[in-house]
Every structure is written in structure tokens, then in C-alpha cells.
Amino acid sequence: GEIESFVGKLSGDGRMPCMIGGEHLVTLGAVRALASGCENLRVVHFDAHADMRDEYMGEKLSHATVMRRVWDILGDGRIYQFGIRSGCRDELEWSENRVAREFFAASGIGEAAREIGRDPIYLTVDLDVLDPSQFPGTGTPEAGGMSFGDLLGAILEMKGLNVKGFDICELSPHYDQSGASTALACKILREMLLAFSGK
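Everything numeric in this text was worked out from a predicted model, so none of it was measured. (Residues numbered from 1 in each chain as written. Predicted model: local features only at pLDDT ≥ 70, side-chain atom pairs only at ≥ 80, totals over all residues. Heavy atoms only, no water.)

> Where do I start with the layout of surface pockets in this structure?
To find the voids left in a structure, one rolls a probe of water-molecule size over its atoms. If you add up the space inside the largest pocket, you get close to 170 Å³. Lining the largest pocket we find 13 residues, and of these His49, Asp51, Arg53, His63 and Ala64 sit closest to its centre. Here the lining of the largest pocket is built from residues that sort into 2 nonpolar, 5 polar and 6 charged. (1 Å grid on protein atoms, 1.4 Å probe; cavity = no way out; pocket = protein on both sides within 12 Å on 5 of 7 lines; lining within 4 Å. Points joined across faces, edges and corners; volume = space filled by probe spheres on them. Nonpolar A, V, L, I, M, F, W, Y, C, P; charged D, E, K, R; others polar.)

> In this structure, what is going on with the sheet that holds strand S6 (residues 163-169)? I would like to understand it.
Two strands in a sheet stick together by hydrogen bonds in their backbones, pointing the same way (parallel) or opposite ways (antiparallel). Strands sit in the order S1-S6-S5-S2-S3-S4 across an open sheet of 6 strands; the sheet is parallel. Of all the strands in the sheet, just strand S1 (18-20) and strand S4 (100-103) have a single pairing partner and so form its edges. Taken over all neighbouring pairs, the strand axes of this sheet differ in orientation by 10° on average, direction set aside. Direction of pairing for strand S3 (residues 79-84) relative to S4: parallel, over a ladder of 4 bridges. Across the sheet, the residue bridging to isoleucine 84 is phenylalanine 103, located in S4. Against the sheet, helix H7 (residues 180-196) contacts S1, strand S5 (121-126) and S6, and its axis sits at roughly 175° relative to S6. (Pairing = 2+ DSSP bridges. Helix = DSSP H or I, 4+ residues; strand = E, 2+ residues; numbered from the N terminus. Axes fitted to C-alpha atoms, helices over the stretch in contact; angles between N-to-C directions. Contact = heavy atoms within 4.5 Å.)

> So what exactly am I meant to see when it comes to helix H2 (residues 26-37) here?
One turn of the α-helix equals 3.6 residues, which is why residues spaced by three or four share an orientation. Those residues of H2 lying buried are Val26, Thr27, Leu28, Gly29, Ala30, Val31, Ala33 and Leu34. Check the buried side of H2 and you find it contacts helix H1 (2-12), S1, strand S2 (42-46), helix H3 (66-74), S5 and S6. (Buried < 20%, exposed > 50% of the residue type's maximum accessible area, 1.4 Å probe, protein only.)

> What is the right way to read the pattern of salt bridges from this model?
Two side chains that carry opposite charge are able to pair once their charged atoms sit near each other. Scanning all chains against the criterion turns up 10 salt bridges. Of the charged contacts in the structure, one is a salt bridge between lysine 60 and aspartate 54, with a shortest N-O distance of 2.7 Å. One salt bridge connects arginine 98 with aspartate 76, and the closest N-O pair in it is separated by 3.8 Å. Of the two residues, arginine 98 is situated in the loop between helix H4 (89-95) and S4 and aspartate 76 in the loop between H3 and S3; the sequence distance between them amounts to 22 residues. (Salt bridge = Lys/Arg side-chain N within 4 Å of Asp/Glu carboxyl O.)

> What am I meant to see in the packing of aromatic side chains here?
How two aromatic rings sit relative to each other is given by the distance of their centres and the angle of their planes. Evaluation of the coordinates by the stated rule reveals 3 aromatic pairs. With 4.7 Å between their ring centres and 85° between their planes, tryptophan 71 and tryptophan 94 make a pair best called edge-to-face. Of this pair, tryptophan 71 sits in helix H3 while tryptophan 94 sits in helix H4; the two residues are 23 residues apart in sequence, bridging distant segments of the chain. Between arginine 68 and the ring centre of tryptophan 94, over which it is positioned, the NZ or CZ distance is 3.6 Å. (Phe/Tyr/Trp six-rings, centres within 6.5 Å; stacked < 30°, edge-to-face > 60°. Lys NZ or Arg CZ within 6 Å of the ring centre and 35° of its normal.)

> Would you mind going over the environment of leucine 28 with me for this structure?
Relative to the assigned elements, leucine 28 resides in helix H2. Its relative accessible area of 4% is what places leucine 28 among the buried residues. Setting aside its immediate chain neighbours within four residues, leucine 28 contacts Leu61, Val66, Arg69, Val70 and Ile73.

> Is there a simple way to think about the state of the cysteines in this case?
Put plainly, two cysteines are in a disulfide when a covalent bond ties their sulfur atoms together. Tallied over the entire structure, the rule returns 0 disulfides. The structure places no disulfide on cysteine 186, whose sulfur is separated from the nearest cysteine sulfur, that of cysteine 18, by 11 Å. (Disulfide = S-S within 2.5 Å.)

Here you go:
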């Protein structure tokens, strides 16, 4: 509700929304707002988890269902997932032919960018896409993740595309008392702002 309304206002004013989470559900309100004003909206999703469950612990709205709810809005062929390395059998089988997905890496980001062309994009980065050896400060770490350099390189490959908004989420600083995860999150956010600000 509130996120959808605010993102709609920003977008309507010609500004690019950038959100920081927290809970990955911030993505849903933003996509709802942008999809109503952008024909053929695509979502590029970096995450360790597919987030394609229809419900999680009896809830339709959670970090584990957020991309299923996005699919409810966009339908088949509009979601591109990278870095995925966790998901239950049902959600992976259900979404196999409905989304484009690359496990463990993002080597296909260039091909996805060419396919997307000038269509509008919403980008969501769940920071647990990173390997926990580099980013322990998240609530659901998964071994085998991308490096900072890999993620940054994939983001920079999207520079020049028609990015209408983005978010960065799932930083939990209390899981990393060193502050290194927070510093890394800030660095990724800075690079995203520079890449997509149009400057």
C-alpha cells in the first residue's frame, strides 16, 4: 500500500525509486506501482533463493513468496533470476518454464540484457546472493554465492538499460559485528546509484 503509492508518485514525477531493505517484500509494492505505468516491465532478480513459493508458513506475503507475487503481476517470461542456489522442489518445478534462471552465477546477464532490450526494468538485489564468506550479515546465508566482484560486474552490465527503479535488501547488520557486510552493502548501493542515475 504505502510503498506502492510512494513509488507511483516518484515514478509519476519522473524520478527513479531506490529502496533499501530490510525485508524483501519492499520489491512487491514497487513492482505493482511500476507495472501499472510501464508496458512490458521486466524484473531482474539477484538472490540465493528463488522466492517462488505460493505460501510460506501459511503466509502469502513473505520474503519466500515475493517473486511468486511478482509473477502474479507480470506473468511468464518477464522475470530473470541470477545466483539462485536454494529453493524447494515445488517452487523450482513450478517456475522452471515461467522465469529465466541461472543457478549460482550471473554469466548470462549480457544475454538477458540483449533480450530485454529497451523494455523497462526493475532490479532487485537480495544481498544473500553473495557468498557468506564475504557477506555474513544476512538472515538466510547460503554457501556457494557470488563474489562482490561478480555481482558488481553483473550490475554494471545493466548500465545503459531502461532501469525504472531498484532495491537492495536483506542486510541484517547484527549478524556481522565487524561492520564488513554493511560496508559491502553500502558499496553496492553506491555503485547502483552511479550506474542508474543517468549521470
